[in-house]
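A look at the structure
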Amino acid sequence: MSQTPTLSALSCDEILVNIFQYLNLPHFSFNTRGIVNPHLSVCARVCRAFLEPALGILWRDLNTLTPLVEILSSRWYDRAQRRDDLNALSISDKERFKQYANRVRMVSYTCHGYLARLDPDIILDIVGWSGEQYLLPNLQNLTLHEDSPSDARLDAMVKALVVPSLKKLDFGIHHRTYGLVSPPPTSASVSTLLAQVLATATSLEDLHLVVAPFDFPISPPPFIHIQRLQKVFLHLASPSLTLHFLRTLSRLDTLTDLTVRTSSSDWNKEIPDTGGFDLESSFPRLRSLRVDGPTAVLSLILSVTSSPSMESLILNMLGRNGTSPDNYHTFFSTLRSKATVWSETLRTVTYNYAPQSTPGSWPQFQDFFQPLLVCKGLRNVQIDPCTNALFLTDEDVTTFAHAWPGLTNLYLGSPTSPAFDHVPSFPAVADMIRRTPQLRELTMPWRIDNAGMLALQSRTEPISVQLESMNLDWVLFDIDVSQARPVGELLERLFPRANLLLKYHSRHSYLSTSPEKTQIFELVLLAFNEARSRNNSPPI
């Protein structure tokens, strides 16, 4: 008898896996007694056809090795009893364990709780008993963060979890002084461990490395074994260590995505230099760069990057006491020269600037965007100076429209206490939107006054039917309450598809100290929604 279409479909593993994915809900997890996901457990017991697809999903992601250990012994916490249990297991028990171990693809092992923290002897006993070189031979994604681990524990975890098939590794060693039961790792052990990791995980594509806040030096591992490494995140203990790793990584011709994070306080007594970098070939294929650090570090990494095709640049500038205008001048000069090289490829730029120096040395808003005007292909621009040094004019807004006609997302942060004459007018912003037809999201400070209303009220056609989000968090009004409704109706007519986002925060004195300003905001939004309802548009 031929099978019905339904039975034929349910005998296909790919279809069953897609169905069972919906049962793999994020709130299900593990405890010391096994896997807590009753739906997938039930599915695995329905029939043989359901068994492997359900178990494959159920065991694919682990946040502790305890369920695997308990397959072999319920007395794993006692070494003598555990070894007795392991010696008593048969060949079929070993094969059953291997079947479960082979299903694991991702382990997120942060070891913050007692239940997840297995003694290294347990891991070594199981590896020795199994006779296999790797405990989880098909593992692809590993998150391993340890709090002040001992040398023995680090060695055991690496032997158990680092395998040739590994594609993504998030590895962190954190130093905490409370509750230590063993000495923290030594410099030599961490260096040896990193070398062992990269010598084994030859398929690694994504490396996330955090070693902080230890003060000892460690040597960068030999990346020559890694032929596929594309993405690296570094947050290391000291400036010298960061530079040491960067010099090693700069020689990789596979690296396309680099993130470097460092505290500004680390660099108070150390000025980075380009020694050890080959300025002609450092980071030759980098396409995405993010740096969180002081301007000196940003300048260094930009200057040594030889990639001709940068696409995304995220720079979080952390100021520090003693930062001089010369440092800012060096940074913007370096950025200007690199922007010329990347003028055809750069698509995304983000600045976040958090100064800690004296106000007189703060760069002006124009300093941030002037170097980027040669990049005609920019699509996403975010500039957030986080200072009072913002003076954005109508001419600046017009310049944006001419320089970046393909913009899809523009975010310009506001000063902490904006002044009415320091932000562009409503007509200037509207004209910029008209000149950037692909713009979808807009957040920037601007002002609405009587002159601006008169200039736009006579317009009957929409300025943009593509704009989807318009954030008026920083809008400043120079109108009275009676004009709030016409403003809302005008905004709806000019931007019929845009979601109007109105926010006001107590930290902004021009709102918190003026109930009338808040009332204007509320009436503008009310009139906007009423106009959308009349035009059969959904309210915000």
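As the structure is a computational prediction, the values presented were derived from the model and not from experiment. As a convention, each chain's residues are numbered from 1 in the sequence order in which they are written. For this predicted model, a pLDDT threshold of at least 70 governs which residues receive local features, and a threshold of 80 or more governs which side-chain atom pairs are given and counted, while totals over whole chains, interfaces and linings are taken from all residues. Note that water and hydrogens are dropped before the side-chain values are worked out from all heavy atoms of the structure.

1. What to know about the overall build of the protein
Per the secondary structure count, the protein includes 20 helices and 19 strands. Contacts were defined at the residue level, with two residues in contact if any of their heavy atoms lie within 4.5 Å. Taking the intrachain contacts of the protein between residues at least 6 apart in sequence as the baseline, contacts between residues at least 24 apart amount to 80%. Only the protein chains shown count as cover for residues, with accessible areas throughout obtained via the Shrake-Rupley method and a probe of 1.4 Å. A total of about 24600 Å² of accessible surface is found on the protein, and carbon and sulfur atoms cover 52% of it. Secondary structure elements are taken from DSSP: a helix is a run of H or I of four residues or more, a strand is a run of E of two residues or more, and numbering for both begins at the N terminus.

2. Points about the confidence of the model for the protein
Low pLDDT marks regions whose predicted coordinates should not be analysed in detail. The quantity known as pLDDT measures the predictor's confidence residue by residue, on a range of 0 to 100. Within the protein, residue pLDDT values average 77, and 73% of them lie at 70 or more. The weakest mean pLDDT in the protein belongs to helix α19 (residues 509-512) at 42; the strongest belongs to strand β9 (residues 257-261) at 93. This stretch, residues 504-513, has a pLDDT under 50; its non-local contacts, to residues over four places away or in other chains, come to 20 contacts.

3. Some words on helix α7 (residues 91-103)
Across its 13 residues, α7 extends 19 Å between first and last C-alpha, which sits within 8% of the 18 Å expected from 1.5 Å per residue. Buried means the residue's accessible area, taken with a 1.4 Å probe over protein chains only, is under 20% of the maximum for its type, while exposed means over 50%, and partly exposed covers the values in between. Of the residues making up α7, those classed as buried are F97, Y100, A101 and R103. Projected down its long axis, α7 shows its buried positions confined to an angular sector of 160 degrees, all on one face. Facing away from the buried side of α7 by more than 90 degrees, the exposed set consists of I91 and S92. To estimate the expected span of a helix, subtract one from its residue number and multiply by 1.5 Å. Arc, as used here, means the arc of the directions from the helix axis to the C-beta atoms.

4. Quick look at the pairing of β9
Across the 5 residues that make up β9, a large majority, 4, are buried. At least two DSSP bridges between two strands are needed for those strands to be called paired. Across 4 bridges, strand β8 (residues 231-235) lies against β9 in parallel orientation. Bridge pairing in β9 links L234 to V260. A right-handed crossover is one whose linking path, passing over the helix from the first strand to the second, runs clockwise when the strands point away from the viewer. Once you follow β8 into helix α11 (residues 239-249) and on to β9, the crossover reads as right-handed.

5. Looking at the environment of A484
As for its placement among the helices and strands, A484 is situated in helix α18 (residues 484-494). The exposure class assigned to A484 is buried, which follows from its relative accessible area of 0%. If near-sequence neighbours (up to four positions away) are discounted, A484 is found in contact with I479, I520, L523 and V524.

6. A look at the packing of aromatic side chains
Planes of paired rings set the category: under 30 degrees apart is stacked, over 60 is edge-to-face and the rest tilted, where pairs are Phe, Tyr or Trp rings (Trp by its six-membered ring) whose centres lie within 6.5 Å. In this structure the tally under the stated criterion is 7 aromatic pairs. A ring pair is formed by F369 and F400, whose centres lie 4.8 Å apart and whose planes are at 85 degrees; its orientation type is edge-to-face. Of this pair, F369 sits in helix α14 (residues 365-369) while F400 sits in helix α15 (residues 394-403), and the two are 31 residues apart along the sequence. A residue is classified by how much of its surface remains accessible, and F369, at 0% relative accessible area, is buried. Among the residues examined, F400 registers a relative accessible area of 0% and is labelled buried.

7. Thoughts on the environment of S165
Within the secondary structure layout, S165 lies in the loop between α9 (151-161) and β6 (168-174). For the pair formed by S165 and L136, sequence separation is 29 residues and the distance between their alpha carbons is 9.6 Å. Setting aside its immediate chain neighbours within four residues, S165 contacts P137, N138, L139, Q140 and S203.

8. Here we look at the packing of helix α2 (residues 13-21) against helix α4 (residues 48-58)
Lines fitted to the C-alpha atoms define the axes, with helices restricted to the stretch that makes contact. Angles between their N-to-C directions range from 0 to 180 degrees. The contact between α2 and α4 brings their axes to 9 Å, and the two run at 50 degrees. The orientation of α2 with respect to α4, classified from their angle, is oblique. At the point where α2 passes α4, the crossing takes the right-handed sense. Contacts between α2 and α4 involve D13, L16, V17, F20 and Q21 from the former and A49, F50, P53, A54 and I57 from the latter. Residues are grouped as follows: nonpolar covers Ala, Val, Leu, Ile, Met, Phe, Trp, Tyr, Cys and Pro; charged covers Asp, Glu, Lys and Arg; every other residue, Gly included, is treated as polar. Partitioned by chemical class, the residues of the contact of α2 with α4 number 8 nonpolar, 1 polar and 1 charged. Our angle categories are set so that under 35 degrees counts as roughly parallel, over 145 as roughly antiparallel, 65 to 115 as roughly perpendicular, and the remainder as oblique. For any pair of crossing helices, the crossing counts as left-handed if the nearer helix is rotated counterclockwise from the farther one by less than a right angle, and right-handed if it is rotated clockwise.

9. Some points on unusual backbone geometry
Notably, F283 is not glycine yet its phi reads approximately 45 degrees, a positive angle. Tracing the backbone shows F283 in the loop between β9 and β10 (288-293).

10. Regarding the pattern of salt bridges
Each salt bridge in this description consists of a side-chain nitrogen of Lys or Arg and a carboxyl oxygen of Asp or Glu lying within 4 Å of one another. Across all of its chains, the model carries 9 salt bridges by this definition. One salt bridge connects R435 with D431, and the closest N-O pair in it is separated by 2.8 Å. Here D431 and R435 lie together in helix α16 (residues 426-435), a separation of 4 residues that amounts to about one turn. Close ionic contact of R485 with E530 constitutes a salt bridge, the shortest N to O distance being 2.5 Å. Of this pair, R485 sits in helix α18 while E530 sits in helix α20 (residues 515-534), and the two are 45 residues apart along the sequence. Classification of R485 by relative accessible area gives partly exposed; the value is 33%. The class of E530 is partly exposed, set by a relative accessible area of 31%.

11. Here's the deal with the environment of L346
Its place among the elements puts L346 in the loop between α13 (325-341) and β12 (348-354). A relative accessible area of 1% means that L346 is categorised as buried. Remark: the alpha-carbon pair of L346 and N380, spanning 34 residues in sequence, is separated by 9.6 Å. When sequence neighbours within four positions are dropped, the list of residues in contact with L346 reads M310, E311, S312, L313, L372, C375, G377 and L378.

12. Comments concerning the side chain of D257
Along the chain, the position of D257 falls in strand β9. Notably, D257 is buried but unbridged: the nearest opposite-charge side chain belongs to K231, and the N-O separation is 4.6 Å. Discounting chain neighbours no more than four positions away, the residues touching D257 are Q230, K231, V232, L286 and S288. Here Asp and Glu are counted as negative and Lys and Arg as positive; His is not counted, and neither are the chain ends.

13. Side note on the packing of α16 against helix α17 (residues 450-457)
Remark: α16 packs on α17, axes separated minimally by 8 Å, with the N-to-C direction vectors making an angle of 40 degrees. What the angle tells us is that α16 and α17 run oblique. Listed contacts from α17 to F426, P427 and A430 of α16 are G452, A455 and L456. Residue composition of the contact of α16 with α17, by class: 5 nonpolar, 1 polar and no charged.

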